[in-house]
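# Inside the fold
What follows is each chain in one-letter form.
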Amino acid sequence: MIPQIKQIIHNALSSLVEIPVDDIEIEIPTEESFGDIATPIAMKLAKVLKKAPHKIAEDILNKINEKDIFSKVEIAGPGYINFSFSEKFLSNELIKLLKNKKDYFFEDIGKGQKILIEFVSANPTGPLHLGHGRGAALGEALFNLLKFNGYSVEKEYYINDAGRQVNLLGSSVLARYKQLKGLNVKMPQDGYHGNYIVDIAKEFLESGLTEEEMTDHAYKKILSDIKNVLSDFGIFFHHWQSEKALYLQNYVSSAIEELKKKQLIYLKDGAYWFKSTFFGDDKDRVVIKSDGEYTYFASDIAYHKKKIERGYNELINIWGADHHGYIPRIEAVIEAFGYPKDKLRILLVQMVSLLRNGVPVSMSKRTGEFITLKEIADEIGVDTTKFLFLTRRHDSHIEIDIELAKKQSHDNPVYYVQYAHARIKSIFKKFFETAAQKESNIFLTSLNSFNYNLEELRLIKKALLYKMTLANATKSCEPHRITFYLQELASLFHNYYQKFRVLTEDELLTKGRLALCEAIGIVLNHGLEILNVRAPDKM
RNA sequence: GCCCCCUUAGCUCAGUAGGAUAGAGCACAGGUUUCCUAAACCUGGUGCCGCAGGUUCAAUUCCUGCAGGGGGCACCA
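What you see is a predicted model, and the numbers here were worked out from it, not measured in a lab.

Conventions we followed
Residues numbered from 1 in each chain as written. Chains lettered and ligands numbered in written order. Predicted model: local features only at pLDDT ≥ 70, side-chain atom pairs only at ≥ 80, totals over all residues. Heavy atoms only, no water. Near = heavy atom within 4 Å. Polar contact = N/O pair within 3.5 Å; in protein donor to acceptor, adjacent residues only side chain to side chain. Helix = DSSP H or I, 4+ residues; strand = E, 2+ residues; numbered from the N terminus. Pairing = 2+ DSSP bridges. Axes fitted to C-alpha atoms, helices over the stretch in contact; angles between N-to-C directions. Contact = heavy atoms within 4.5 Å. 1 Å grid on protein atoms, 1.4 Å probe; cavity = no way out; pocket = protein on both sides within 12 Å on 5 of 7 lines; lining within 4 Å. Points joined across faces, edges and corners; volume = space filled by probe spheres on them. Nonpolar A, V, L, I, M, F, W, Y, C, P; charged D, E, K, R; others polar. Domains from an automatic or database assignment. Parallel < 35°, antiparallel > 145°, perpendicular 65-115°, else oblique. Core = buried A, V, L, I, M, F, W, Y, C linked by side-chain atoms within 4.5 Å. Buried < 20%, exposed > 50% of the residue type's maximum accessible area, 1.4 Å probe, protein only. Salt bridge = Lys/Arg side-chain N within 4 Å of Asp/Glu carboxyl O.

Around RNA strand B sit 62 residues, and of these Y80, Y416, Y419, S426 and R501 come closest. Here N472 contributes a side-chain N or O atom positioned 2.9 Å from a sugar or linking oxygen of RNA strand B. Elements that contribute at least two residues to the surface near RNA strand B include exactly helix 2 (41-49), strand 3 (80-85), helix 6 (164-180), strand 8 (271-274), helix 16 (413-434), helix 18 (466-476) and helix 19 (480-499).

With that settled, the discussion passes to the sheet that holds strand 13 (residues 359-360). The pairing of strands in a sheet happens through backbone hydrogen bonds and is either parallel or antiparallel. Strand order across the open sheet formed by three strands is 13-12-14, with mixed pairing between neighbours. Each edge of the open sheet is held by one strand with a lone partner, namely strand 13 and strand 14 (398-401). Both strand 12 (residues 352-356) and strand 14 contribute to a ladder of four bridges, which runs parallel. Looking at the pairing, S353 lines up with E399 of strand 14.

Read from one edge of the open sheet, three strands run 7-8-9, paired in antiparallel fashion. Looking at the sheet topology across the chains shown, the edges are occupied by strand 7 (265-268) and strand 9 (285-288). Pairwise comparison of adjacent strand axes, ignoring direction, gives a mean angle of 45° for this sheet. Sheet analysis places strand 7 next to strand 8, joined by four bridges and oriented antiparallel. Pairing of I265 across the sheet is with F274, part of strand 8. Against the sheet, helix 10 (residues 251-261) touches strand 7, strand 8 and strand 9, its axis set at about 90° to strand 7.

What follows covers empty space enclosed by the protein. A full pass over the atoms with the stated rule returns two cavities of 30 Å³ or more. Empty space within the largest cavity amounts to approximately 80 Å³. Along its surface, the largest cavity is lined by R134, L138, V349, F389, L390, R392, H394, C477, E478, P479 and H480. By residue class, the composition of the lining of the largest cavity is six nonpolar, two polar and three charged. No fewer than three residues from each of domain 2 (352-405) and domain 3 (410-530) sit in the lining of the largest cavity.

Attention now goes to the packing of helix 5 (residues 130-148) against helix 20 (residues 507-531). The relative placement of two packed helices is expressed as an angle between their axes plus a distance between the axes. In contact at an axis separation of 7 Å, helix 5 and helix 20 are set at 125° when each is read in the N-to-C sense. As the angle between them shows, helix 5 and helix 20 are arranged oblique. Packed against helix 5, whose contacting residues are E140, A141, N144, L145 and F148, the element helix 20 presents H526, E529, I530 and L531 at the interface.

What follows concerns the nonpolar core. It is characteristic of soluble globular proteins that their nonpolar side chains tend to be buried jointly. By size, the foremost hydrophobic cluster in this structure holds 142 residues, and its most contacted members are I117 and Y157. A total of 12 residues in this core trace back to one element, the largest contributor, which is helix 20. Excluding residues that lie within four positions of it along the chain, Y157 makes contacts with F119, V120, S121, A122, L128, L223, I226, L230, F237, H239, W240 and Q241. L246, I301, Y312 and F337 belong to the second-largest nonpolar core, a separate cluster that totals 32 residues.

With that settled, consider the pairing of strand 3. Within strand 3, five of the six residues are buried, which leaves it mostly tucked inside the rest of the structure. Two elements, strand 1 (residues 37-39) and strand 3, share three bridges in a ladder whose sense is antiparallel. What sits directly across from A38, in strand 3, is N82. Bridge analysis of strand 2 (residues 70-76) against strand 3 gives six bridges, and the strand direction is antiparallel. Pairing of A76 across the sheet is with Y80, part of strand 3. Linking strand 2 back to strand 3 in an antiparallel pair, the connection comprises three residues, with G77 at a positive phi of about 55°.

Here we come to the packing of helix 10 against helix 11 (residues 296-309). In the contact formed by helix 10 and helix 11, the axes pass within 8 Å of each other and the chain directions differ by 90°. Between helix 10 and helix 11, the angle is such that the two are roughly perpendicular. Here helix 10 contributes Y251, V252, A255, I256, E258 and L259 to the contact with helix 11, which in turn contributes A298, S299, I301, A302, K305 and K306. Residue classes in the contact of helix 10 with helix 11 are distributed as eight nonpolar, one polar and three charged.

One can find L315 in strand 10 (residues 314-320). Considering only alpha carbons, one finds L315 and M539, 224 residues apart in sequence, at a separation of 39 Å. Not counting residues within four places of it along the chain, the set of residues in contact with L315 comprises L116, H304, K307, I308, K343, L344 and R345.

A separate point is the environment of V502. Turning to its location among the elements, V502 is positioned in the loop between helix 19 and helix 20. In this structure V502 comes out as buried when scored by relative accessible area, which is 7%. Along the backbone, V502 and A515 are 13 residues apart, and their C-alpha atoms lie at a distance of 9.9 Å.

Further remarks concern the pattern of salt bridges. Under the counting rule described, the total for this entry stands at 27 salt bridges. The partner of K221 in a salt bridge is D225, and the shortest N-O contact between them spans 2.9 Å. With K221 and D225 both in helix 8 (residues 214-232) and four residues apart, this pair spans about one turn of that helix. Assessed through its relative accessible area of 33%, D225 is described here as partly exposed.

As a further point, take the environment of L486. Turning to its location among the elements, L486 is positioned in helix 19. Beyond its immediate sequence surroundings of up to four residues, L486 is in contact with V417, V523, L524, G527, L528 and L531.

Next up on the list: the side chain of H480. Within the element layout of this structure, H480 appears in helix 19. Setting aside residues no more than four positions away along its own chain, H480 makes contact with L390, T391, R392 and R393.

So yeah, pure geometry; function would need other evidence.
Here it is, written out as structure tokens:
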């Protein structure tokens with residue numbers, strides 16, 4: 001619909017000036033009386049054409065002759081061109097939507113380009129917390145969006161199963177294990193103090209495993225718990241990349257060697273440094289410490305090199321905002337291997353702060369006093385948790401009050417949207433109980449002669465705009481736009497539902513309204529699917 | 001000290017890659033159900049869009065400075 005409008009404006013402009021179709025902006029007017037869509041193009045062109053915006057708008061308007069599509073085109077304000085859709089056009093589009101279902105909303109933005117989204121990637125040293133959950137919700141929704149609009153997308157979890165943190169986990173478990181055996185052993189410095197460490201140690205008491213095997217088993221146990229929580233969350237990964245494997249397969253050493261050959265690594269104070277300043281970083285970064293050990297950054301170099309070499313057009317990393325200082329050095333890595341910096345897109349997910357009755361809940365890993373993702377999901381529900389995460393832009397802080405989230409469960413935004421869907425399903429259930437035909441597309445034929453009222457036309461327009469919302473959310477990597485759109489659509493529908501009856505004595509009227517409901521249902525269902533939230537048939 | 005993010009209604013937040021009279025939910029007050037689910041609907045009203053400059057025909061949106069909040073600045077991960 002929108003591309004079609006852009007093309008019409010483009011054609012009208014062709015004799016005046018040559019500009020790319022995509023530069024023609026379309027917006028939804030703030031006031032319904034201003035029409036359905038508008039373009040400020042005349043104002044934009046005023047400078048280039050050295051003519052008054054109003055005059056340009058008139059020239060454009062004179063060239064537009066699309067009586068079938070528009071019922072009204074007019075110039076308003078400082079030079080807007082406002083378009084109102086004809087009823088005929090809207091009902092034709094509605095028919096197309098009903099025929100093609102969700103494919104109606106498809107726009108080939110990706111054109112088959114391959115994208116890898118890496119997210120969560122929490123260290124397997126403890127349970128997932130809320131920040132991971134937010135990253136998970138965003139990553140999954142983004143995956144759905146990109147996939148729907150023509151990208152070939154895969155999801156990956158990077159497992160930090162090598163290095164200091166995992167060793168620390170091992171020694172923490174070992175200390176608890178010995179304590180359980182009655183030995184007077186202290187926890188290691190900066191060790192993990194959570195209760196789950198004690199639980200794992202208890203399992204070892206009965207397992208008969210040797211102390212050497214402990215570290216491996218500890219992180220594998222935690223990793224499998226993480227997978228379970230993610231699975232309950234409805235999130236799955238195509239790839240699980242192990243950091244340790246990168247070492248074992250010599251990816252790390254060869255990546256560092258390659259940088260040495262490029263003279264981007266030098267020796268200073270007994271350590272090897274990567275010249276990230278050459279690519280704009282604040283300071284150079286150590287890749288091999290003076291004790292001969294690789295740093296975490298070294299394996300990250302290898303990891304990102306490998307990801308690119310696997311043939312993706314674009315890499316997306318979803319990181320916690322506390323990693324933002326890491327961005328310049330990773331971008332430096334990308335450039336060091338000869339790729340453009342924008343091959344990698346890093347989305348930072350801001351902090352989630354947790355309150356209980358207005359009191360901040362401590363999130364410290366050190367003390368073990370932190371609320372896990374699982375606990376929150378158990379308490380307020382998986383759908384609510386995901387939906388809440390996606391009602392904010394990813395780079396803005398979220399504050400969640402557990403008690404409030406539970407209390408609000410009845411006027412919670414997620415129920416509001418789901419309820420609209422359930423209501424539609426319920427109407428159809430009722431209809432099919434008495435209807436002769438059992439297929440929902442029976443009303444397509446009668447639509448040509450059906451006249452929708454004002455509220456219905458408003459709903460149709462909103463449903464059709466879903467395509468634009470999807471496209472914008474995809475291009476900007478902002479799934480929260482879908483969340484807001486769904487709430488608006490649900491609101492319109494609830495309002496309509498209250499005011500008009502769908503199932504009536506009048507067969508034509510009933511079918512016309514059922515067609516509308518079907519369309520709204522398709523949109524709600526698809527939107528929730530993108531957000532990875534259930535669309536229930538009844539509530 | 002340096003870097004990043006945030007600052008919009010009482011609260012939590014949207015604001016479509018400058019545009020028309022800046023929006024929603026919650027909270028607060030009142031009302032709606034013989035009828036497809038009241039987890040719903042309707043009616044009430046608020047804003048120096050943090051502050052000060054700048055660019056522009058047009059700035060909540062872009063630029064600079066300042067203030068406040070959060071985060072980050074290891075031969076840790």
